[in-house]
Structures are given as structure tokens and as C-alpha cells.
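Remarks on the overall topology
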Amino acid sequence: MKVLFCTDGSKISYHAIHNFAHWCQNMAVDVLCVIDWSFLPDTTVIEGTEFAYQCTSSADSILDYAEKFLQENGINIVNKIKMCGSTIDSILEILDGEEYDFIVMGSHGKKGIQKWLGSVSQEIASVAKISTFISKDKNERTKVLFTVDNTELSNKIIAKSIETLNLKDKEIHLATVYEIPDYLFLEGSLDSNWMLEIERKQDKASLLLLSKFEKMFAESGLTVSSKAVLNGVPAQELIKYANKANIDLVVSGTRDKKYLSKFILGSVSKRVLENVKSDVLIIRC
């Protein structure tokens with residue numbers, strides 16, 4: 001697997017590649033560090049200045065440390081890439097020029113020169129044509145949650161995950177969510193038994209759905225540890241489940257759309273990405 005690892009020298013970025021290495025083995029990594037000058041006024045000339053020299057020197061130090069870190073962790077590094085300009089534009093330029101299987105980034109809320117890995121990671125996830133791994137902290141790298149629905153996209157996500165990820169000896173969780181309709185506006189005119197029957201049918205359909213995906217894992221020699229049918233507000237239920245179960249990685253997916261709001265669960269995936277404690281892998285099919 002060919003991976004683009006983006007780092008600003010922060011611990012969280014190194015946690016990201018360290019975590020990802022446990023999910024995707026035998027990978028070749030290019031390391032990218034961007035010197036982002038885009039916040040400066042257009043009239044500011046920085047080429048050849050002491051500031052430019054210091055930025056370049058800092059980027060070189062970050063790349064050298066990244067190389068050492070990857071080698072010490074048994075990760076194969078291929079290229080070190082240094083660029084100047086808008087961070088997002090620079091990353092997308094690299095992705096357009098090279099074929100990668102994954103892009104790996106950290107996400108944190110720091111301000112100043114390290115702030116770009118927070119908002120940038122989400123922006124890249126929304127527009128990148130490849131799968132994106134976003135990490136928030138170092139974790140145990142054992143519990144993975146797949147969120148599925150009854151679309152063909154879920155089949156593709158599970159199939160691609162089984163093909164590309166190292167899921168052996170991992171604790172695999174499957175979850176699907178159905179939203180309970182709001183019957184309040186019809187209160188007094190609906191048969192409560194009919195409402196309960198609808199919910200029973202939804203539960204049954206959801207269990208059948210999870211069993212189908214469990215079979216896909218079983219056919220590849222993998223065991224699903226937990227299956228969960230959740231009902232309520234989808235984003236809230238998935239976030240609650242992931243945090244309560246101490247999930248290390250949430251796997252979701254996106255259609256060939258531009259924005260996070262077009263994820264498999266619509267705006268749900270965006271909220272999950274923003275609020276779960278775990279890493280998030282967005283599979284591009």
C-alpha cells in the first residue's frame with residue numbers, strides 16, 4: 001500500500017501514522033511537510049528572508065525526525081516532501097500528481113503554526129479522491145467499529161476493508177442505526193400495537209442486515225465480536241456507542257461526492273468524525 005503521511009511535527013501526527021501502521025501493514029510511506037505562508041498578506045515578500053530560512057530549516061528538521069520515527073517503528077519510508085504555500089492546496093497537488101491508497105493525518109485543536117492539522121484534515125477528507133485516516137490520539141488499535149446500512153456502498157466498504165486492512169486478532173464491531181419516526185403529531189389516531197409492530201420489523205431487518213455483513217467477515221476467516229442495532233438520532237447513537245465501547249477506529253465511507261455531508265450516513269458521518277474519541281477511516285469507494 002502506498003501512503004501519504006502529512007505531518008506538522010506534532011505528537012498527534014506521529015500517533016496517526018503509528019496507529020495506522022497497526023491497521024495497514026506492508027506500506028510504503030511518503031512524508032509531507034508543508035510550510036504554510038498563505039496567512040501572510042499577498043504583498044509580503046518572504047523568499048530569501050530570514051523568516052523563510054527558518055521555516056525551511058524547521059521543515060527539514062520535521063522531515064528528518066519523521067524519517068527516524070518511521071524507521072524505528074519498522075515503517076518503510078520512500079520520499080520526504082517539502083512544499084510551500086496553502087496546506088490544503090499543497091496536499092491536493094501531491095495527491096493529483098501521485099497515486100496513493102491512503103492519506104494519513106492527525107487532528108487536534110491547537111492554534112498557531114500547528115493548527116492546520118485540525119481543520120485541514122477534515123477538509124482533505126471531504127475532497128480527497130482516496131481513503132483518509134484521521135487520528136486524534138494514541139490508542140490500543142484493537143477495537144474497530146463498522147457503521148453500515150442497506151446500501152450497496154456498505155458492501156463495498158466492508159469488502160475493501162477486508163481486502164486492505166489488517167483485521168486479524170482485532171475486535172470487530174458492527175452497528176446499524178434506524179431512526180424512530182416521530183408519531184407525536186398523530187398521537188391519539190394511531191394504534192400503539194401497529195407502532196410496536198413497525199419497530200419489531202425494523203429490528204428484525206436490522207439484525208438480518210448485520211448478519212449479512214457478519215457472514216462477509218466470516219468468509220474471510222474473521223470473527224465479529226459484537227453486533228448492535230441502535231435506534232434514535234443516528235449521529236448521537238453512534239458517537240455514544242463508539243465512546244462507551246472504547247472503540248479505537250470507526251470505519252465509514254463516502255460516495256463520489258465532494259462534501260462530508262454526502263457520507264454514507266449523510267451529515268451523520270461528519271458529526272461522528274468531529275465528536276468520537278477514536279480514529280476515523282473514511283473509505284473512498
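Let me sum up the structure you'll find in this document. Note that the structure is predicted; figures quoted are calculated from it, not measured.

Some points on helix α3 (residues 87-97)
- When α3 is considered as a whole, its buried residues turn out to be Thr87, Ser90, Ile91, Ile94 and Leu95. Within α3, the buried residues cover an arc of 135 degrees as seen down the axis, which keeps them to one side. Within α3, the exposed residues directed more than 90 degrees away from the buried face are Asp89, Glu93, Asp96 and Gly97.

Observations regarding the environment of Ser10
- Relative to the assigned elements, Ser10 resides in the loop between β1 (2-6) and α1 (11-21).
- Given the relative accessible area of 2%, Ser10 is considered buried.
- C-alpha of Ser10 to C-alpha of Ile62: the two residues are 52 residues apart in sequence and 9.1 Å apart in space.

Details of the sheet that holds strand β8 (residues 224-231)
- Spatially, β3-β2-β1-β4-β5-β10-β9-β6-β7-β8 is the arrangement adopted by the 10 strands of the open sheet, whose pairing is mixed. The open sheet terminates on both sides in strands that have one partner only, identified here as β3 (76-84) and β8. Across the sheet, the mean angle separating the axes of adjacent strands is 20 degrees when strand polarity is ignored.
- Strand direction decides the pairing type here: strand β9 (residues 249-254) and strand β10 (residues 279-284), joined by 6 bridges, are parallel. Each bridged residue has a counterpart across the sheet, and for Val251 the counterpart in β10 is Leu281.
- Relative to strand β4 (residues 102-106), α1 is tilted by about 140 degrees, and along the sheet it contacts β1, β2 (28-35), β4, β5 (131-135) and β10.
- The strands touched by helix α7 (residues 234-244) within the sheet are β6 (143-147), β7 (171-178), β8 and β9, with β8 carrying the most contacts at an inclination of about 145 degrees.

Details of the pattern of salt bridges
- This structure, assessed with the given rule, holds 6 salt bridges.
- We note a salt bridge from Asp60 to Lys82, for which the minimum N-O separation is 2.8 Å. Residue Asp60 is found in helix α2 (residues 50-72), and its partner Lys82 is found in strand β3; the two are separated by 22 residues along the sequence.
- The exposure class of Asp60 is partly exposed, given its relative accessible area of 31%.

Here's the deal with the packing of aromatic side chains
- By the definition in use, this model includes 7 aromatic pairs.
- The ring of Trp23 carries Lys170 above its face, with NZ or CZ at 4.8 Å from the centroid.
- Lying across the ring of Phe213, Lys212 places its NZ or CZ 4.7 Å from the centre.

A look at the side chain of His173
- If you trace the backbone, His173 turns up in strand β7.
- Among the polar contacts made by the side chain of His173, one reaches the side chain of Tyr241 at a distance of 2.8 Å.
- Beyond its immediate stretch of four places on either side in the chain, His173 contacts Val144, Leu145, Phe146, Ser226, Tyr241, Ala245 and Ile247.

What counts and what doesn't
Residues numbered from 1 in each chain as written. Predicted model: local features only at pLDDT ≥ 70, side-chain atom pairs only at ≥ 80, totals over all residues. Heavy atoms only, no water. Buried < 20%, exposed > 50% of the residue type's maximum accessible area, 1.4 Å probe, protein only. Helix = DSSP H or I, 4+ residues; strand = E, 2+ residues; numbered from the N terminus. Arc of directions from axis to C-beta. Pairing = 2+ DSSP bridges. Axes fitted to C-alpha atoms, helices over the stretch in contact; angles between N-to-C directions. Contact = heavy atoms within 4.5 Å. Salt bridge = Lys/Arg side-chain N within 4 Å of Asp/Glu carboxyl O. Phe/Tyr/Trp six-rings, centres within 6.5 Å; stacked < 30°, edge-to-face > 60°. Lys NZ or Arg CZ within 6 Å of the ring centre and 35° of its normal. Polar contact = N/O pair within 3.5 Å; in protein donor to acceptor, adjacent residues only side chain to side chain.

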